[in-house]
Every structure is written in C-alpha cells, then in structure tokens.
Amino acid sequence: MPQGEMRKPLLGGAAEPDVPACDLKSPAVGILGTGDFSRSLAHRLLACGLRVIVGSRSPDRNADRFPAGVEVSTQRDAAAQAHVLFVALFPDHYSSLAALKGELAGKVLVDVSNGTTLNRSRPSNAEELAALFPESSVVKGFNVLSAWALLNGPRDGSRQVLICSDDFQAKNRVALLARSMGFVPVDMGCLSSARDIENAPLYLFPSWGSPFLCAVCLFFSFYIYNFFRGVLLPYVIKGHNVFYKLPVEMVNETLPLVSLVMLALVYLPGLLAAGLQLLRGTKYQTFPMWLDRWLCMRKQLGLLSFFCAAMHALYSLCLPMRSSARYKLLNAAFKQVKLGQESSWMEQDVWRMELYLSFGIVALGVLSLLAVTSLPSVGNSLNWREFSFVQSGLGYAALSISTLHTLTFGWNRAFDPGQYEFYLPPTFVLAVLLPCIVLLGRLALALPCLSLRLARIRRGWETRLHQVHFRLPDEDMSTV
Amino acid sequence: MPQGEMRKPLLGGAAEPDVPACDLKSPAVGILGTGDFSRSLAHRLLACGLRVIVGSRSPDRNADRFPAGVEVSTQRDAAAQAHVLFVALFPDHYSSLAALKGELAGKVLVDVSNGTTLNRSRPSNAEELAALFPESSVVKGFNVLSAWALLNGPRDGSRQVLICSDDFQAKNRVALLARSMGFVPVDMGCLSSARDIENAPLYLFPSWGSPFLCAVCLFFSFYIYNFFRGVLLPYVIKGHNVFYKLPVEMVNETLPLVSLVMLALVYLPGLLAAGLQLLRGTKYQTFPMWLDRWLCMRKQLGLLSFFCAAMHALYSLCLPMRSSARYKLLNAAFKQVKLGQESSWMEQDVWRMELYLSFGIVALGVLSLLAVTSLPSVGNSLNWREFSFVQSGLGYAALSISTLHTLTFGWNRAFDPGQYEFYLPPTFVLAVLLPCIVLLGRLALALPCLSLRLARIRRGWETRLHQVHFRLPDEDMSTV
Amino acid sequence: MPQGEMRKPLLGGAAEPDVPACDLKSPAVGILGTGDFSRSLAHRLLACGLRVIVGSRSPDRNADRFPAGVEVSTQRDAAAQAHVLFVALFPDHYSSLAALKGELAGKVLVDVSNGTTLNRSRPSNAEELAALFPESSVVKGFNVLSAWALLNGPRDGSRQVLICSDDFQAKNRVALLARSMGFVPVDMGCLSSARDIENAPLYLFPSWGSPFLCAVCLFFSFYIYNFFRGVLLPYVIKGHNVFYKLPVEMVNETLPLVSLVMLALVYLPGLLAAGLQLLRGTKYQTFPMWLDRWLCMRKQLGLLSFFCAAMHALYSLCLPMRSSARYKLLNAAFKQVKLGQESSWMEQDVWRMELYLSFGIVALGVLSLLAVTSLPSVGNSLNWREFSFVQSGLGYAALSISTLHTLTFGWNRAFDPGQYEFYLPPTFVLAVLLPCIVLLGRLALALPCLSLRLARIRRGWETRLHQVHFRLPDEDMSTV
C-alpha cells in the first residue's frame, strides 16, 4: 500500500513513524515556558483533549500553577517527548534554549511572541528563533489571539489564526492543531511574512485614521461656519433666538456637505493619477507618495461619505416629527386664517422640493449599493470588471446625482442677495465647488483626444518607445 | 523527473499508477447502495462528466432506476473498479459490506450519512465505518447538502461541503471531486470532527434560541403593560377610545424598551465575569455554566437589540404620515384659531424634542456600525484589538447614548404625578433601570483600584501565587 | 532528517535541490514575452523582492523597456534559469516556444492569457499549452487581475487569484508566489476548470441581467400607466394640474407594485417545479430550460424586490417633508376653520392607515432579514435547513404581509366606482393578483393529499417504481 507509506511522512513527520498523521490525541504537545500564555494555552489544549507537557526550568515550583492533567517537567524532557512545541518565552530568552538544540532538531517550534511596537525593519522574532535552531522547523502563529480567546476558546470576533512557515508539513501540522482547537488557520505563506503577523495585533484601523480625521475636520469647520452664519449672527444682530436648531437642524445642514466633499475626494485622486500618466506619457512610473496613499484611502473615504449621507437622511426624515415643526405649522395655519388667504400653494417651491427630494433619495440608493459591494464577502465575489463598473460607473453616478441634489436645494437662492446678509455665502455654495471640479475633470478625460491616449498608455504604450513597441506585436498582450 | 514521480502517489493514489493525479474524468467513481441519495448523486456525477459505477445487491433489478450512462453492477465489482466509493447505505447496514474488505483495502470510502438526532456522545458513523475498514481511508462529507442541491448542483445558499479525514491525500482527492461538482470543500481536519459534521445539518439557529425568546418575552410583557396603562384603563375609567394606537403607537413605545434592555443584557455578563474574577483573584477558574452561556449569547442579543432599534426608528418616522397625526394637527389648528392665540411655541418642549431626537439618531448610527462589524466577513478582517475596541468601546457608547435618549424622552415626566394616574409608572422608567445599573457597574470597574487589579489578574497574576510568579519573570509573557 | 528530505521535492521541485522549499527570494522567476503584461508583472515581482528574468526574442532591443534590476535575456536562457515561468505571449504564439521544449521540461509554466470572447466549447488556452508541453506542469492563473492591480499590487476590490492545475505541487508553488505578491490564491482544482478561469473576467453580472431587465420593464409599464391614469387624464379631461406628482408621488406609487410582483416571481417557479414533479410523479426528470433558469434567478429577483421595497419606504417617509404636503395641510386647516367644524377625525380612515403602515413596516423588516442572509458570508454560515427556513419560511411570510399591506392600502377603494373614472382600474388591483395566485398555490400544496405525495416524491419515491423501491429498504437512505 504505497499510499499508506506515503502518508506518514507527509503529515506525521519523522518523529513518530507509527502514529497516524492526523491523530492529534496521542502525541503530546509541548509548551516551553510557564508564563500566562503558557498556562492559558495549557488550559485550552487540555480542554481539547490533547496531552500537554510544559517544560519549565523549575518544574517542582510551577507544577501547582497548572491544571491537573498537564504534565509539568523539565524543558529537556518536554523537548524530547513532544513533536510540536510552543515557545512561550520572551524573545530575549530564546537563547536560553540553546542547550536543547539537539532535542529540538527535527521538531516543530511554534513562535507565539508578539511585538510591543510596530516592527518595520528588524527581523521577526520567529526568524530569529529559526536562525537559532536551523535544525528545527519554526512556525509563526497563535499570536493574533487574545488571551481571552486562548483561554476560553474562540468566541465571537475573528477566529482566524495567521500561520506562516518555510516548512510546508510543519505548517500543515500546526494548522490542523489550530483547527482542532476551534480556530481557523490562515496560511500566510513563508516565514518571511512572520513580521507582518507579529505586527498584525498592534494595528487599530490603520487605514481609517486619515479619512476619519478628514471627515471630522470637515464636519466641524462646516458646523461652526453654519453656527456663526445661521444662529449666532442672527441672534447678535437681530436678536432672533434659534439656538434650538443646534442639535438637529445645524447637524443636518452640515452632514450632507461633508458627505458630498468626501465623495468628491474619492474620485479626485483617480483624476490626478490619470493626469499624471497623461503628462508622463507612461504608466510605468510610480506615483508620488501622497497620491499613492490617497488612492489607497478611497474605499474608506467613500464609506464615510455614505455614512454621513445615511445620517443626513435619518436627520431629514426626523424633521417633521419635531415639536418645532409642529408649532411652526400651527402658527402658519393661524396666520393664513387671519390673512384669510384661501390657498398658500406656491408651484415653484413645490417643484423645487419634489426634485430636491427625489435626487437625494436616488443618490442615497446608489450610494448604498456602493457600500454593499465594499463588504469583503461581496467584493470578493466580483471580478475586476464588475468591481470597476460598480466603483467608477455607479460612483460617478452617485456623485453627479448628489451634486444635483445640492444644486436643486440651492435653486436660485445662490443668487438671492438675501442669502448674503452678513456677507457670508451659504455653505452649499462652498460645498458644491469641489464636486463640480471633479465632474468637469472627468468630462475632460472623456474627450476622445485624451481618453484614447490614456487608454493607449494604460495598455502599456509609451511615448518614447512607440516604434519599438509596435515592431514586436507578436509578444504583446494585455489583460485589460 | 523526480517531481513527476512524486506527484502520482500524492494525489493519484495507488490504484491507477498511470493516470495523472487530478484527471477526475477517467477513473470511475463508485456508489454503494441504490437509495435516493445514491440516485441523486449518480445524476449529479454523471452531469459533471464523471464515470459512475453503482454497486447494488441486485444490479439487474435496479439498473432501470438509474439514468442511462450509469453502470449498475455488483457491489464487489464497483469496489474493485472505483478508487473513490460513496457509501450510500444506512449506517446500520455498513456491516453488510464486511465481505468486500479485500476490495475496499486502500480505497477511499466517503461516508455521506446523516444523524437523525443530535449525537453528543456516540462515535460518529464515519468513525464506525473506519473501524470496520481499517485498510481503507474513510472521508466524511457531502452530508450537509440538501437532496435538491445534490441532484441539481449547488444553487444559492451554502455551497460548502464539510470534509474531514485522517488521510490527507484521500481528503484532498474528495475535496477535488467536490470542487469539480461545483461545491466548496471545507477542510474540517481529522475524522474526529466527523460527529460535528454529522450534527451540522440538524441545527436550526442553535445560538439564537434563548436570545430570541428573551426578546419576545420582553416585547409582550412591555406591550401588555402599555396596553393596560395607555389604552384599556383610559377606556374603562374615562371612556377615552384610543384603540387605534394598538398597531403603531403601542408597538413603537414598546420596541425601544426591548432594544434598550437587550443592549444592557449584552454588557451585563461581562461585568459579572469581571466581578467574579476580582472576587476569585484569578482568571484560571472557569465561569458557572449559565454565565458562560450568557457570554456566548452577547452577539445575538446585540443584533436583536439593533433590529428592535431599527424597527423603532422606522415606526417613529412613520408617525407623521398617519391620518391620525394629520387630524390631530388640523384640530389643533382649529383650536388655536378659536382661542385666537398668535403662537403656540413652547421653548422647553422644543428643546426636549430636539435633544431626544438627536440622541436617538446618534445611538442608531453607532449601533448600525456595531451591527456591520458583526458580519462574518467584516469581523474576520478585524484583529482582536480592533474588535474589542468596536464591541466594548462603541458598544458602551451606544448604551450610554440610548440611555440618554430614553432619559430625555422621559424628561421631567418621571416626576409628574399626572403620569402615575392608575398608580402605574410609565414603562420608560422601568426600562431605564437596568441600563443605568450596567453603566454604573462599568464606571465602578474604571476606578483605578479595581481596574488595575483586574488588569493584573487578566495578565495572569493570581492572589495566592504572587511571589512564585514574580520570581520567574524571565518565563512570563502575555499576548494582552 | 527524513522530514527535511521529504520537504524539498514537495515544494522546492527538482530544479534547485539545495534551496529551502519556500524561500521565494533566491530562485529566479521567469517571464516569456515582453508585452505590457510582462512588464507590469516584472515591475510587481521586482517590488516583491524577487529575481526576475525576462525571456525575449530580441533581448538587446527590449532591455531598456524594463526597470533596472530585471534581467532581460534570451527565451532559452530564461527557460533554463527559472523554475517558474510566466508565459506572457498571445496564445497564438505559444507554438513559437516549441524549440524550448527541452529547457521547459519539468518546469512550471503559468498561463496568464485571457479570452477575448466567452469560450463555451473550445479547449482553454492553458490546456492547449499543456498539450504543447506535456513534460512541463502548466498552471492557470493571474489572468483575473486588472493590469492596475498587477502593476501596483492589490488595492481594494477582489484580491483573489484563481489558480488551477493538474500538478498539485506546481499549483502550490504558484499559490505561494501569488501570496507573496499580496494576492489571495483560490484553488479551482484541475486544469479542466481553466476555461472557467479564462472566462471569469469577461462576465458583467451575468446572473443579474434578466432580473434587472424584468424590474425595469415592470417599473416603466406601471409608471406610465399611473401617469396616464393619475396625471395626464385628469389634466386633459378636468384640467387638474398635478404634474408635480411625477418625481416623488408617482415613483412612490410604482415602486411597491414592482417590489410585490418581483417577490411573487421569486416563489412562483418553486410552485411550478413542485407541480411538475407532482404531475411527473418523479424528481429525477430535469426541468425545462426556462424553469431551470428562472429557479436560478430567485436570489436576484428577491434582492431587487427588497431594493424596491426599501426605496418605497424611503420615498414614503419623505412625503410629509414636502412643501406640497405642507400647503395641503394649511389649506385643509383653513377650510376646516371656515366650515367651523370642531373635529375632522374619521375613525375608519385612521384605522386603515395604522394597519396599512404597520403591515408595511413589518414586511420591510422581514425582507431585510432575507436580504442580510443572502450576503455570501452570512449565507455560508447557514446550513441548508436554516437557509430553507429563512428563504421559504420568512420569504412566504414577507410575501403574505406585503400582500396584506397592499390590500389594506386598497381597503374598500377597489369597489369604489370613483376609482374607475376613465374605466382604468387602480394599479394596486392589478399588482395584487399575482401574489394572491402564488399564495393560493402555496396553500394548495399544503393540502395533505398533495404535500404527502410531494414529500414522498422528493424522498426519491417514484410512481412506476413503487414496488421495486420498497423491496429494498435496506439500501434506501436520504439526506432530506
């Protein structure tokens, strides 16, 4: 049965030739070190019905710190008995294991250590461990788990355990172990990616920082401007007390502006990149750092823009609910009766409102489609043709419609001097500028002269290499 | 070409040495049994262009029950010809195959059986099959598919086929087969997880049961209380007929209370757990069963709370649409005119409403962020630091804001004797108690004395082991 | 160290016996061809710190077209040095490599070509390449990437690289390479699925075409009908100018009808399928093509129906915000005062509205649950029992409730002759027919006589095989 013979070395490793590859029950799992990680891990492994040997420098002293059923022995003994060993020491103390080199040869060492600070240049702890024990197969993993998840098994939140190693079988073995502990192993490839795995737990929404900051700044600048123009000045100058507008109306005037500007900021970098490629006449030069970073932020900018738009919708829908709206209506009715005017219908005002609303609703609908497609599981089910159709096609549609929404809101008020008392333009005038620029830029790129040239450039054509390129058509191909 | 030699046994198995590993067209796939599963499977395999041999105890009688192209032969013949065999018999009849032990040696047997009742203790059918045929490689799989998906190929719904085996290559082979049938094989590790796979199709939202029940009970108790207090008693005692409030207003008064209490129930168990750890002075003792189960329910409780909150928003937004609101407004206008009062503006009422609304909107916004992060694909893209930030940071923010929402709704009415006619307190007074307790508890844990101690405990420190622990700093490490 | 010896051939391949399997830095990666794809790929590989050799038919002429660090050499030289070679030629020029057969033997050839048109029958380019070089291991992959993603590394959008091959190790090697380039390799099994991979980038929402078309047609036919009946005729005949209704009110009257009909279309094919099975007395006959396609569209139909329902909700919630609503209210107040009527309360109208609203809200709530479960990541976490519970149980609930929503909206107006001026029935009368038919059909299937028979059929029972079937109970089993 050659297959059977094949199998053992494949997963079982050389250490226990007679143990079926996958039976994780019988072979002991070793842990070197008796710190908290070691103890949580021991609890967990025991709970999964595995045999656990903890290697300690002072077994007798530490035995009572581990649950019954865990064998606490010397490090040498643990190294000798177990085939897979978790190294639960501070990286600085890895060297203290040097004496065990012999016992650890051919064994699988799992490096569970975490960096305390982001490591961009130094070699990873796992790579240093591998350098110390060239005879052993080092696997990086289990560091992304919270102590809680480790002790009590995976709860909600990510069940993923990132694993990497240069030894295919060792990785496989640890992956099976992780699975049998209830986690989802994720193969991150070679040990060279250990550094990323060690950095992983240190990040806190790295890609969201600047987009979020940008949104917050936009919000407050617009809000304060609106406050001055719409609440403070009228109070100071005319003595109108409309401070009740602060919590709802002012916020609801500010959110759409933030949303619109953010949406424009999603599509601006793409235009700049295209312009740069047109200028340079090639796509093979990398973009300046700031543009590159900006391009990577588009998804986050877009989602924040959608969030603001959704909140704006929610606020607007709440407007008629407010007592203030109710009182105003009652007083208006009173006035109308007093004036004895049969009807207060104003056709133009009605039309403005209907158009303004319908643009807003449609824009929100399109934006929500964009938001859904940026869910990981949905985005992954799209091929790049579908993805670019949604992101650029639908995206520009959303931008145009929400610009129309703002314009119909403004209607002719932008030219009404009454809006400029205090000599401050209304905010929607300020907010609509950037989107208009972006839309015009996009139209410019749609001009045949530019679009054709850009298409050629993106197909790989270059100004200075024109001839060379077309003398070798037989070797030319492109995925676009 | 050593690589080439390597390859064959790797996937091809010993049976067909000259067939390239992966070519699933030529080698026959066998099915033992002629029941419905066997026939659906045969249809499907045939549709995928595979050669199918059905092994029957009475081939002649069953031949006509299978589509043309399927070879119906004796079990012995099928066992001899095919390398992968689906065992489509009742587990009770596995023993009837004992005679084929020889032919089945070295073959891959796929156990497709399903339990009819949850199996918590007994060995799985697959493990029993493996015990009967130690020479063969048993793979568990294909049982999670509906007969419909099996016959017609995967439609919408889960395309996943959970697979497990102790034989790495056999598993690989069956995984490839599943893939070529259009399913997504999911490696569940060793045959020891076969029981979970057999139980999988029997569950119906196991983790949602008690949270859902809890929500329903809360809803009805609050609804009935509101009905008595707000509709029945006024009718009986004063003859006010406000039964029209039942479908919308009463539901809309009840939903936010349910949502608020559920949200508090999400964070209460965490506090209890922390308290328990403080009392015990260690984190290495497991929690009582009920607390453990409660901790596992938090996600579901939170999502139900969000659902109620969203429905509450929807109901509230519909209020101004109703004819009843319209009529009340018209009558109010009439009254105002009759009384000849210029303005009915009440500053305090206006402020209450504006604050109340804005708290509600913000709370819903935060809750929706929480809901999005609990989507599997989003949650998996978070590391545990991000996850805990969202779940505990944003979560407590949402709880505080929605408590404020309820308090501003209550405003001074809680102290208005008019609210206590019939001697029944308004529901928002009842509902706001638990959240306040939770928030106070959280604040208490934020006190340095407690928080530091708790942090130490969670870092692995224990009361009784204090000294021992710090005599071995070099072996201490933690991932937190 | 047998394990170590094992490892090399497993991933390292025969070419570089002394290089550790996974160290992708040292071994050169080759690219045959100097077109755009070749250059983008070279940029990317270089950026990942890999050694790149480009094989060109005229190295000297092409050297300057590649970034410094990329070795541009003869094809023969590249083939000799590299172990993994990307074939970046037009498929028509594959034969031009025939001379290199010797050098390419035992090497891994990656076919990155894309079809320009959907290929349903022809063998895939990758299979043709494999036929040309039987000694080499051909892997299909990297064709689904946009040139942008290839040049600049994966950005947002799908990071997946679909890979397939008949050589397990070659596939593994290319998967590791893809991972180290920052992509997510997805194993698509055997080279036989290369055609699907080549077709993948050509699709643009293939499954959404007809459902979307269906929705659009329904929308416009209903909208135009409403326009005639509600706007044009009143204007022409009575001179009522209500054109302001076009942007919001008319759309809001049309959307729910579309949504309702689409939802009915989700459940109709299931009924037809059941009926067909009852007529035929078996489930083993395939359905007619149109029905089969329809059954595959249900998910898309349902999601579009949900989208229309959500937009309808948004439109309806905006109604009270409009100036038109405001003016109407003011005028009504004026009228009421003039008429001096104390109260305009109409109990029946109030009740109609309350019921109508609450049905709508609940229906939307249920539909949104359905929508959430059709997210890939959520759907995959359901077993088929849960899935069918949600899709058929909740689905029919949603259908019934939204039918009630429409009926309460109609109330007694369906029998009010006033609705039939111009002899055109109101649209809700037309739209409610199909859902009623579907619901009645479902009820019919719930009759014991039919449901039992259907259940038997779906368990595999067949009219003509009744006896045979039950003489072999021991071999009968089913997953349902």
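Owing to the predicted nature of the structure, the values given are computational and were not obtained by experimental measurement.

### Topic: the interface of chain B and chain A
Contact with chain B, which involves 85 residues of that partner, is made by 87 residues of chain A. Together, the buried faces of chain B and chain A total about 7700 Å²; carbon and sulfur atoms form 65% of this surface. Linking chain B with chain A are one salt bridge. Breaking the side of chain B that touches chain A down by element, the ones donating at least two residues are α1 (2-12), α8 (168-180), α12 (289-318), α13 (323-339), α14 (347-373), α15 (376-380), α16 (384-410) and α20 (466-471) of chain B. Looking at which element gives the most residues to the side of chain B that touches chain A, the answer is α14 of chain B, with 15 residues. Residue composition of the side of chain B that touches chain A, by class: 40 nonpolar, 23 polar and 22 charged.

### Observations concerning the relation of the copies chain B and chain C
The operation relating chain B to chain C is a screw motion whose rotation component is 120°, with 0.0 Å of axial translation and a residual RMSD of 0.1 Å. What the rotation and shift describe, once combined, is the action of a three-fold rotation axis. Proximity to the rotation axis, assessed at the C-alpha, singles out Ser377 of chain B in chain B; its C-alpha lies 3.3 Å from the axis. An overlap of only 10% is found between the interface residues of chain B and their copies at the interface of chain C, pointing to separate contact surfaces.

### Remarks on the UniProt feature "transmembrane region" (unreviewed entry) in chain A
Residue and element names in this part refer to chain A. UniProt tags residues 212-237, 257-279, 300-317, 355-375, 387-408 and 428-450 as "transmembrane region" (unreviewed entry). Helix makes up 100% of residues 257-279 and strand 0%, with an end-to-end C-alpha separation of 32 Å. End-to-end, the C-alpha atoms of residues 355-375 are 31 Å apart, and along that stretch the chain is 90% helix and 0% strand.

### Topic: the UniProt feature "domain: Pyrroline-5-carboxylate reductase catalytic N-terminal" (unreviewed entry) in chain A
Those places that UniProt annotates as "domain: Pyrroline-5-carboxylate reductase catalytic N-terminal" (unreviewed entry) correspond, in this numbering, to residues 29-115 of chain A. This span, residues 29-115 of chain A, is 31% helix and 24% strand, and a straight line between its end C-alpha atoms measures 24 Å.

### A look at the pattern of salt bridges
Where charged atoms from two side chains of opposite charge come close, those side chains can pair. The full count for this structure, using the stated rule, is 24 salt bridges over all chains. Note that Lys140 of chain B and Asp111 of chain B form a salt bridge whose closest N and O atoms lie 2.6 Å from each other. Of this pair, Lys140 of chain B sits in strand β6 (residues 137-140) while Asp111 of chain B sits in strand β5 (residues 108-111), placing them 29 residues apart in sequence. Judged on exposure class, the residue Lys140 of chain B and its partner Asp111 of chain B are both buried. One salt-bridge network, held together by shared partners, links Lys245, Glu249 and Arg322 of chain A together with Glu354 of chain B.

### Regarding the packing of aromatic side chains
Applying the stated criterion across every chain yields a total of 36 aromatic pairs over all chains. Between the aromatic rings of Phe205 of chain B and Phe389 of chain C, the centroid separation amounts to 6.1 Å while the plane-to-plane angle is 70°, which identifies the pairing as edge-to-face. A residue pair is termed interchain when its members come from two chains, as with Phe205 of chain B in the loop between α9 (194-199) and α10 (209-238) and Phe389 of chain C in helix α16 (residues 384-410). A residue is classified by how much of its surface remains accessible, and Phe389 of chain C, at 42% relative accessible area, is partly exposed. Aromatic side chains Tyr235 of chain C and Phe243 of chain C sit 5.1 Å apart centroid to centroid with 75° between the ring planes, which places their arrangement in the edge-to-face category. Through a chain of ring-to-ring contacts, the aromatic side chains of Phe219, Phe220 and Tyr223 of chain A assemble into a single cluster. Here Lys338 of chain A stacks its cationic end above the ring of Phe334 of chain A, 4.7 Å away from the centre of that ring. The ring of Tyr396 of chain C has Arg442 of chain C sitting right over it, with the charged end atom 5.4 Å from the ring centre.

### Focus: the environment of Met181 of chain A
With respect to the secondary-structure elements, Met181 of chain A resides in the loop between α8 (168-180) and β8 (184-187). Along the primary structure Met181 of chain A and Met346 of chain A are separated by 165 residues, whereas in three dimensions their C-alpha atoms are 70 Å apart.

### Some details on the sheet that holds strand β1 (residues 29-32) of chain A
All names here are of chain A. With mixed pairing, eight strands are arranged side by side in an open sheet as β3-β2-β1-β4-β5-β6-β7-β8. The sheet is open, and its two borders are formed by β3 (71-74) and β8, each paired with just one other strand. When the angles between neighbouring strand axes are averaged without regard to direction, this sheet yields 30°. Taken together, the two bridges between strand β6 (residues 137-140) and strand β7 (residues 160-165) define a ladder with antiparallel strand orientation.

### Description of the interface of chain B and chain C
If you look at the interface, chain B gives 84 residues, while chain C gives 85 residues. Counting each side, the surface lost to burial between chain B and chain C is near 7700 Å², with a carbon and sulfur contribution of 64%. In this structure, the connection of chain B to chain C is made through one salt bridge. Measuring nitrogen to oxygen at the nearest pair gives 3.3 Å for the salt bridge that ties Glu354 of chain C to Arg322 of chain B. Where chain B packs against chain C, one counts eleven residue pairs in polar contact (both at pLDDT 80 or more). Considering only residue class, the side of chain B that touches chain C consists of 45 nonpolar, 25 polar and 14 charged.

### Digging into the side chain of Ser323 of chain B
If you trace the backbone, Ser323 of chain B turns up in helix α13. Taking the relative accessible area as the measure of exposure, Ser323 of chain B reaches 8% and is therefore buried. A polar contact is formed between the side chain of Ser323 of chain B and the side chain of Asp349 of chain C, at a distance of 3.4 Å. The residues touching Ser323 of chain B, leaving out its near neighbours within four places in the chain, are Asp349, Val350 and Met353 of chain C.

### Points about a nonpolar patch on the surface
On the surface, Phe220, Ile224 and Phe228 of chain A cluster together to form a nonpolar patch covering roughly 300 Å² of accessible area. You can see Ile224 of chain A is positioned in helix α10 (residues 209-238).

### A few points about the side chain of Ser316 of chain C
Looking at where Ser316 of chain C falls in the secondary structure, it is placed in helix α12 (residues 289-318). At 2.6 Å, the side chain of Ser316 of chain C forms a polar contact with the backbone oxygen of His312 of chain C. Look past the residues within four positions of Ser316 of chain C in its chain and what remains in contact with it is Met321 of chain B together with Asn252 of chain C.

### Some thoughts on the sheet that holds strand β4 (residues 84-87) of chain C
Residue and element names in this part refer to chain C. The eight strands are arranged β3-β2-β1-β4-β5-β6-β7-β8 in an open sheet whose pairing can be described as mixed. Each edge of the open sheet is held by one strand with a lone partner, namely β3 (71-74) and β8 (184-187). Sheet twist, expressed as the average angle between the axes of neighbouring strands with direction ignored, equals 30°. Where helix α2 (residues 36-47) meets the sheet, it contacts β1 (29-32), β2 (52-56) and β4, and its direction lies at approximately 170° from that of β1.

### A look at the relation of the copies chain B and chain A
Between the two chain copies there is a screw-like relation: a rotation about an axis and a shift along it. Superposing chain B onto chain A takes a rotation of 120° plus a shift of 0.0 Å along the axis, which leaves an RMSD of 0.1 Å. Of the interface residues in chain B, just 9% have counterparts in chain A that sit at the interface too, so the contact is made through distinct surfaces.

### Some details on the pairing of strand β5 (residues 108-111) of chain C
Residues and elements named next belong to chain C. On β5, burial covers both faces: Val108 and Val110 on one face and Leu109 and Asp111 on the other are all buried. Examined bridge by bridge, β4 and β5 share four bridges and lie parallel to one another. Paired with Val84 across the two strands is Val108, which belongs to β5. The pairing of β5 with strand β6 (residues 137-140) spans four bridges and is classified as parallel. Bridge assignment links Leu109 to a residue of β6, and that residue is Val138. After leaving β5, the chain enters helix α6 (residues 125-132) and then returns to the sheet as β6, a path that is right-handed.

Cut-offs used in this document
Residues numbered from 1 in each chain as written. Chains lettered and ligands numbered in written order. Predicted model: local features only at pLDDT ≥ 70, side-chain atom pairs only at ≥ 80, totals over all residues. Heavy atoms only, no water. Contact = heavy atoms within 4.5 Å. Buried area = accessible area lost by both parts, 1.4 Å probe. Salt bridge = Lys/Arg side-chain N within 4 Å of Asp/Glu carboxyl O. Helix = DSSP H or I, 4+ residues; strand = E, 2+ residues; numbered from the N terminus. Nonpolar A, V, L, I, M, F, W, Y, C, P; charged D, E, K, R; others polar. Least-squares fit on C-alpha atoms with pLDDT ≥ 70 in both. UniProt positions renumbered as here; feature names shortened; annotations may be inferred. Buried < 20%, exposed > 50% of the residue type's maximum accessible area, 1.4 Å probe, protein only. Phe/Tyr/Trp six-rings, centres within 6.5 Å; stacked < 30°, edge-to-face > 60°. Lys NZ or Arg CZ within 6 Å of the ring centre and 35° of its normal. Pairing = 2+ DSSP bridges. Axes fitted to C-alpha atoms, helices over the stretch in contact; angles between N-to-C directions. Polar contact = N/O pair within 3.5 Å; in protein donor to acceptor, adjacent residues only side chain to side chain. Patch = residues over 30% accessible without salt bridge, like charges linked within 9 Å, V, L, I, M, F, W, Y side chains within 5 Å. Areas by Shrake-Rupley, 256 points an atom, 1.4 Å probe, with all protein chains shown as cover. Right-handed = clockwise from strand over helix to strand, strands pointing away.

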